[in-house]
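# Structure assessment
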Amino acid sequence: MLYYAVFMVQDSGRRRNAYPRPQLDSDLMPFKQRTAFQLSLAIAAVVASHMALAQTDQRLWTCNLNASGEWDCEVDENLISTPVAPSLPSASTPDVRPEAQTTPAPTLNPEIEAPAEIEAAEPVAPINVFPEDVGEQTPEPPRLEAQAQTATVQSVRARSGDAFDCRASSDGQWVCEEGLPALSLAQTGRYAADVALQGQSDRLLDNPYAYLDWYPHTGAPGTMLCMGRYVEPEMEGQSDASSPFALQTVFADAINSTSNLQSGLTQLSGGVNLRQGGRSFSSRYGEVDQNNRTAFLQGEVRFREAGLLMVGERVDTDFDTGESRFTQAEYVMHQEHLRGSAERITRYGDERILMEQGALTYCEPGNDAWAIHSKEIELNPEQGYGVARHTTFRIANIPVLYLPWFRFPTDDRRQSGFLYPSIAVSKSDGFDLSVPYYFNIAENMDDTLRVRHIEKRGLLLENEFRYLNEWSMNELNLGYLGNDKRDEGDDRWLLNLRHSGQLANAWETSIDYSRVSDVDYFADLGTDLEVERKEHLDQRWQLRYLANSWQFLANLHEYQTLNENIASPYQRVPQLLFTGQEGLLPGLDLNYAAEFVRFERDRLNFFSDDSINRTTADRVHLRSTLNYDYTHPGAYLRPEFTLWHSQYDFSSPADLSLVPTSVTAGIASLDSGLFLDREFSAAGQGYSQSLEPRLMLLSVNRDKDQPLPSQFNYFDSSLLGFNYYNLFDRYGWSGNDRVSETQQATLGVSSALYSERGLELARIGVAQAHYFSDREKSDLRPGDQDGTESSSNLALLAQWNITPFLRLTHDSEIDRNDYSFEEQNYRLTWLPDDENMFYFSYRDRLNTALANPERIRQSDIAFRSQLTPQWGLIGRWQQDLEKSRKLDTLLGVEYGSCCWKMRLTAREWLSSSNRLNVEPEYDRGLFLQFVLRGLGSFGSEGGRGLIEEVTGFREKDHDNF
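Reading the values: the criteria
Residues numbered from 1 in each chain as written. Predicted model: local features only at pLDDT ≥ 70, side-chain atom pairs only at ≥ 80, totals over all residues. Heavy atoms only, no water. Helix = DSSP H or I, 4+ residues; strand = E, 2+ residues; numbered from the N terminus. Contact = heavy atoms within 4.5 Å. Areas by Shrake-Rupley, 256 points an atom, 1.4 Å probe, with all protein chains shown as cover. Disulfide = S-S within 2.5 Å. Buried < 20%, exposed > 50% of the residue type's maximum accessible area, 1.4 Å probe, protein only. Salt bridge = Lys/Arg side-chain N within 4 Å of Asp/Glu carboxyl O. Phe/Tyr/Trp six-rings, centres within 6.5 Å; stacked < 30°, edge-to-face > 60°. Lys NZ or Arg CZ within 6 Å of the ring centre and 35° of its normal. Pairing = 2+ DSSP bridges.

Here we come to the overall build of the protein. Within the protein, the regular secondary structure consists of eight helices and 51 strands. For the protein, long-range pairs separated by at least 24 residues make up 51% of all intrachain contacts whose partners lie at least 6 apart in sequence. Of the roughly 48700 Å² of accessible surface on the protein, 53% is carried by carbon and sulfur atoms.

Throughout the structure, instances matching the rule amount to two disulfides. Disulfide pairing is shown between cysteine 226 and cysteine 898; the S-S distance is 1.9 Å. Of note, the bridge from cysteine 226 to cysteine 898 carries an S-S torsion of about 95° and is right-handed in sense. Placement of the pair is cysteine 226 in the loop between strand 8 (214-216) and strand 9 (228-230) and cysteine 898 in the loop between strand 48 (885-896) and strand 49 (900-911), with a sequence separation of 672 residues. In this pair, the class of cysteine 226 matches that of cysteine 898, namely buried. Here cysteine 363 connects covalently by a disulfide to cysteine 899, the sulfurs 2.0 Å from one another.

Before going further, it helps to examine the pattern of salt bridges. Summed over the entire model, instances satisfying the criterion amount to 53 salt bridges. Notably, a salt bridge pairs lysine 534 with aspartate 538, separated by 2.6 Å at the nearest N-O pair. A residue is classified by how much of its surface remains accessible, and lysine 534, at 32% relative accessible area, is partly exposed. For aspartate 538, a relative accessible area of 10% gives the class buried. Put simply, Asp429, Arg457, Asp484, Asp487, Arg492, Asp518 and Asp524 are held in one network by salt bridges that share partners.

Within this structure, the stated rule accounts for 24 aromatic pairs. Plain terms: the ring middles of phenylalanine 680 and tyrosine 687 are 5.7 Å apart, the flat faces sit at 25° to each other, and that makes the pair stacked. Taking relative accessible area as the criterion, tyrosine 687 reaches 23% and is therefore assigned partly exposed. With a centroid separation of 6.4 Å and 35° between ring planes, the pair formed by tyrosine 826 and tyrosine 842 is classed as tilted. Here tyrosine 842 lies in strand 45 (residues 837-847) and tyrosine 826 lies in strand 44 (residues 821-830), a separation of 16 residues in the sequence. Within the aromatic cluster, the residues linked to one another by ring pairs are Trp507, Tyr545, Trp550, Phe578 and Tyr592. One Lys or Arg, arginine 352, reaches over the ring of tyrosine 348 and ends 4.3 Å from the middle of that ring. Of note, arginine 638 hangs over the ring of tyrosine 636, and the distance from its end group to the ring centre comes to 4.1 Å.

Next up on the list: the pairing of strand 48. Pairing between strand 47 (residues 871-880) and strand 48: 10 bridges, direction antiparallel. Counterpart to tryptophan 877 in the pairing with strand 48 is threonine 889. Count of turn residues in the strand 47/strand 48 antiparallel hairpin: four residues, of which serine 884 carries a positive phi of about 55°. Where strand 48 lies against strand 49, nine bridges are found, and the strand directions are antiparallel.

These figures come from the coordinates and say nothing about function on their own.
Pasting the structure below:
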C-alpha cells in the first residue's frame, strides 16, 4: 500500500507549503520543520491515481524535525481506533478539480498502518546542478491566476490562505495549489516596507528606493545633508547562524509548490522564502534540489543577512558552502552606507563579495555624483577592505581617473594601501602634491610614507613609524628634502622620536626628541607629521619612579631654538628631582622637594654680553612646606609655612666672585575666605548669588640678596604676569631661582550668579595687593614698576554665560590712581553646535614699565556658519590695530552632499622670519580639499587648523555627513 502526504505549515492561522532541504536520501517527506511551526499530516491510502482522500481538520500525525535531521512523529491513538466518517465539502475542504477527478471519489476507511522507520543514507556530496545555460532550460514560472470558484466558496474562503486545492498527477504525485491566490511578491515585495512605515510620513508612500532599505527622513525637506537613511529590518531565527553551513537547517515556504519525491526537486512559486541560519532569500519563483542541497530563485530575488541586502533577477545558491551567485544585482551594506550594482555578483560563504562589471559608491540611491567602476571588485567585509581591478573613478558618470589596481577600506580598520593625496598651490612653493601610502605591518606596528612634490623646491619624503608593545608606545618621524632649489641647494631634514613606557611596576619612561636642519624648516615646508611646531623644540628624556607618597624623576632636557630673535632657554643636563607628601594629622600635611640641576646653553644668544648670558652652573634646591587646611561650610582657613633654599656652583664665566651662591628664604602665609550666598527669584526663575571675600597675608624674608639680572639670566625663573589669581601667588616667580621678598596683604572679592540647576551664569571679581614695605627694584612682585608702591594695580575678571552657547569673558589691569585700563582683554565665543561658531577677541596693553611705553592693540575674528545643510562658510581676520596691518586673513566656502564635500579656502598671512634682522613678509595661497564619504579627504586644509588652535573649535569629522 502506497502512502502520500500533504503538509501544511501553520503560522498565526495561515497555512503555507514549506520547502526545507531533506537530511536523508531515503526521506520521502519533502518538507522540514520551521521554527515554532507545527506540521499537521493527513495520511490517506491511495489505491488508484485518480482517487484522493479529502483532508479533515483532525491530525493523525504531528511531526517535527530533530537536531539530527530525522523526523520525530507522534500518533493520535484516539484517531487510530476511531472510524473516519465521510466528510462533506466545506470552507476547509480542498477543492478537487474536474480534470483530476472525473467520477465522485468514494470515501474510504482503510486500515491505518504506521510508516516504516526511515534508515539514514550516506550524504550526497554537493555539486553544482545549475549549468550556465540553465536559464534556458528552466520552465517558465507558473502564473498565479485565480482559480474558477463558485460564489459560495469565494464568500467563505476569500483570500484566507488556509485551504489548498490538491490533485494527484498522472505520475502519482500530489499537486497542491491555494484555492485563491494571495498577494504575490510582485505586488508586495519592493514596496511592502513603505506601507509598514507610511504612518511616519506621506513621502514614504512615494519612495522608489524602499527595495534598497532606503527611507527618507520624516523631518522637513532640506533640513539635513542626507535626505534619508538606510533602515535595516530585524531578522528572526538566527539561532544557528554561527554553525557551519552544512549543519544549518533550511526552511522554506511558498504559496504554491510541486515536488518530485524521487528526484528531490521542489518547484516553488508565489511568495517564495528560504531561510538558512542568519541569511534569507525571497523571490517569485524557485527550485530546490534537496539531494544536492542547492537551489535557484528568479524574479525579484532578495537576499538578506546582517548588514547586507542584495536584490536581483536570479540567484543560484549552495546550502553546504553558503555560496550564492546573482545576476543583474544591486547590493547595500547598511552600516558602511555603501551600495553598488554588477552584472554578476558572487557571495561566498566566508562573506567575501565578488562583483563582475560592477560599480560601488557611498552616495545615496538616486545620486551617482561619484562612483568606482571596475571590471572586477572584491569586497572583504571580514577584513574591512576591497580590491578593484581595471578601475575607473567617475564623477557625474564622467571618467576622470584610471587605475589598474586599487585597494580601498570599507570601514575604519587599518589596511595597507594609498591614502588620499593633498593638493595646494601657493605663491612661495607653486604646485604642491603629497601622496601618502600606509603600511599595516602588524597589529602593533604600522608605517606611513608620504611622497611630496613641491614645484619650486623638489621632492620631500616624510615617514611616520609607530610601534606598540606590552610596556611602551613608540613613534619615529622623519623628513628629508635633498637639494632645496629655493634654499641654495641645502639639504633639509626633520627628526622626531616619541616614547612612553612602563619598564616595571612604578617605573615609567618618556622620550620627546625633535630636531630640524634649520630654523626655517617649519616656516618653509610645514609638515603632515604629528610633530609639535614651536619656537623651542623639546629634546627630553625622562625616567620616573612613582611610590605611594613620593616620586623620583631623572630628566635630561635640551632645546633647539628656531627663532634667532629670542633667547634660548637653559638646558637641564641633567635634572634629578625628589618630591613627596606625608599626612601627619587630619588636615596637616608635610610637602617636600629636593632637586639637583646642571644648566647649560647650546649657543650664543642676541644679548650684548655673551659671557654673562652663557652662564652655566649646578643648582641644588631644597623646599619643605607645612600646611594645614581647615574647611568649614561657608569659610576656610589655610596657614602655610615654607623653608626655601637654592645654592649654585658657577662654572662659566670664570669671574663670578660677586654673585651670591646661595639664598635661603622663609615664607609664611595665611589664606582665608568666606562663602556667602542668597537665593532670590526674578522673572519667574529661581537664582542664587554668592559673595566670596578672600584675604591672604604673606611674609617672605631672605637671608641675603639674590643674583641680579645683570649678573646672569635666571635659569628657569620668570616674573609672573599680572592677573587676579597671580596676586595670590606665594612666590611671585616661576621656577626655583627667585622668590620676591615682601610683607603684604592681598584682598579680593568675587561674586557669582547661579541658576536653579546650579549652573554658573556670571562671575565678577577684583583683587589688589597692599604692601607694608618697599621692595627692591630687582625683586618685584606681579604688577610692580619700581617696588615703592604701597599697593598694586587692580586686577579685574568677569565672565558672563549669556546663553548656554554664548559666553563673554574679560580680564584687565586697572591703574590704582586714575582707574584707567593698563591692559584689557575681551573674548566672545558662540558655539551652538559642531557646525557653527563665532569668535572675537580684543587685546589692548600699554607697557608702562618700559622707558618708552609700547602699546599693543590686536583683534581676532573667526567664524564658521552652516548656511544650509549643503553650504557653509569659514573665515578669520586677525588685525594689528596699532600698526594698521593684517596678520592673517582667511575665507573659505564649503559645499556638501550626502556623499561628498568640497572646500575652497583662500588665505593671506604675514609670515615672520626666524632669522635675525629679517623683516616679515606676506604669503598667499589658494587651497582646495575634497572629502568623499567612506574614502577620506584629499587636498590641503589651508589654515583651518589654526582656527582650532586659537578658538578651541573643532570642525566635525570629515566622514560625519
